[in-house]
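Commentary on secondary and tertiary structure
Here is how the chains run, residue by residue.
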Amino acid sequence: MIDQAVMLAIGRGMRLGPLTKDRPRAMLPVLGKPMVVRVMDRLREAGIRRFVVIVGEQEGAVAAYLNTSWAPDVEIKLVIQEGGRGTAQAISLAAPYITGSFVLTSTDSLTSVTHIAQLIKRFEDTKSDAMLSLTRSISDDPGRGAVVTLDGSRVAAVTDMPIPPRSYIAFMLYAFNKRILRHLSDSPMLSTGEREMARPIQSLINDDGRIGYVNADWRLALATELDLLTINKRLLREERDTHILSELPGSVHITPPVRIDPKVSVGHRAKIGPNVYLESGASIGEGAVLWDSLVLRDARVLPGEVLHGQIVARTARLATEPEPGLADLG
């Protein structure tokens, strides 16, 4: 069984605004843990015990956390990628530590443990060279992506292109054997200076590689401020770490699900929940009312303030749009 994963933990996220002003995207909080650890937790539940984590020059906080604060029964190798030259180059840097078949993922993509386990099992049962995770695009899906053409149970083509409505898209959760390493140099340099994965996968297909796929039951990406709220709400509904770890006045009213970290100050008669996460260092004023919201470290909610669908950071308040229904996420 695959027990190794290569994970990209690079980049601050151009559309995350002030949330990544003082910490990298991989360290943004999801119910008391950094996003990188939430992804790794799910891989670990699916049987992964060895990780090669690729960080950038500015991601020292990721390296420090993983070296001191995570599970004791895993092996972690840290690799530094200078200049952010994309996924294909990152895997090339990790190659000396790859010992066999492996999972490739990133810290900006979260899915279920069930899907990860299905991906690994189908990869092994079919003796494939690669197994891709797929989702369907929506009608207004912006930008480019790895658009997949299917031929029965196999992937016939993978193309980096503008995303057509209702097309199949491969997202960053793959299982590979080591054949993929021979095709990484086939990835062209993009105008951004990056080398991505659609071309190496297509090159593997052209080399008679056996490429399968598994449709994800759901997948959430961390690309915008709204995404951070949506991910936290998803895990609150799963009842993962929905704990109250600070002492609260008896007059505070809690409506679950809620997560309150240690060292959070909450004033009398505050109303909190449902779907609220308060990060360590947050301060909630007397009589404040919050639901469907996040309050991050060192941020303050004023007495009597009413917040709905907002992320409160130390330097900004970010109103969000309504999240999609969970039925639309897969």
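Heads up: these notes are all about the structure in this document.

Cut-offs applied
Residues numbered from 1 in each chain as written. Predicted model: local features only at pLDDT ≥ 70, side-chain atom pairs only at ≥ 80, totals over all residues. Heavy atoms only, no water. Pairing = 2+ DSSP bridges. Helix = DSSP H or I, 4+ residues; strand = E, 2+ residues; numbered from the N terminus. Salt bridge = Lys/Arg side-chain N within 4 Å of Asp/Glu carboxyl O. Buried < 20%, exposed > 50% of the residue type's maximum accessible area, 1.4 Å probe, protein only. Phe/Tyr/Trp six-rings, centres within 6.5 Å; stacked < 30°, edge-to-face > 60°.

With parallel pairing, four strands are arranged side by side in an open sheet as S14-S17-S20-S23. Single-partner strands in this sheet number two, and they are strand S14 (253-254) and strand S23 (306-308). In this structure, strand S17 (residues 271-272) lies alongside strand S20 (residues 289-291), joined through two bridges in parallel fashion. By the bridge assignment for S20, lysine 271 is matched with valine 289.

The next thing to look at is the pattern of salt bridges. This structure, assessed with the given rule, holds 21 salt bridges. Close ionic contact of arginine 23 with glutamate 279 constitutes a salt bridge, the shortest N to O distance being 2.9 Å. Here the residue arginine 23 occupies a position in the loop between strand S1 (4-9) and strand S2 (29-30), and glutamate 279 occupies one in the loop between strand S18 (276-278) and strand S19 (283-284), the gap between them amounting to 256 residues. Glutamate 279 gets classed as buried once you look at its relative accessible area, which sits at 10%. Notably, a salt bridge pairs arginine 210 with aspartate 129, separated by 3.8 Å at the nearest N-O pair.

Time to look at the packing of aromatic side chains. Overall, the coordinates contain two aromatic pairs when judged by the stated rule. A ring pair is formed by phenylalanine 102 and phenylalanine 176, whose centres lie 5.8 Å apart and whose planes are at 50°; its orientation type is tilted. Here the residue phenylalanine 102 occupies a position in strand S6 (residues 102-106), and phenylalanine 176 occupies one in strand S11 (residues 168-176), the gap between them amounting to 74 residues. In textbook terms, an aromatic cluster arises when at least three aromatic residues are bridged by ring pairs, as seen for Phe102, Tyr174 and Phe176.

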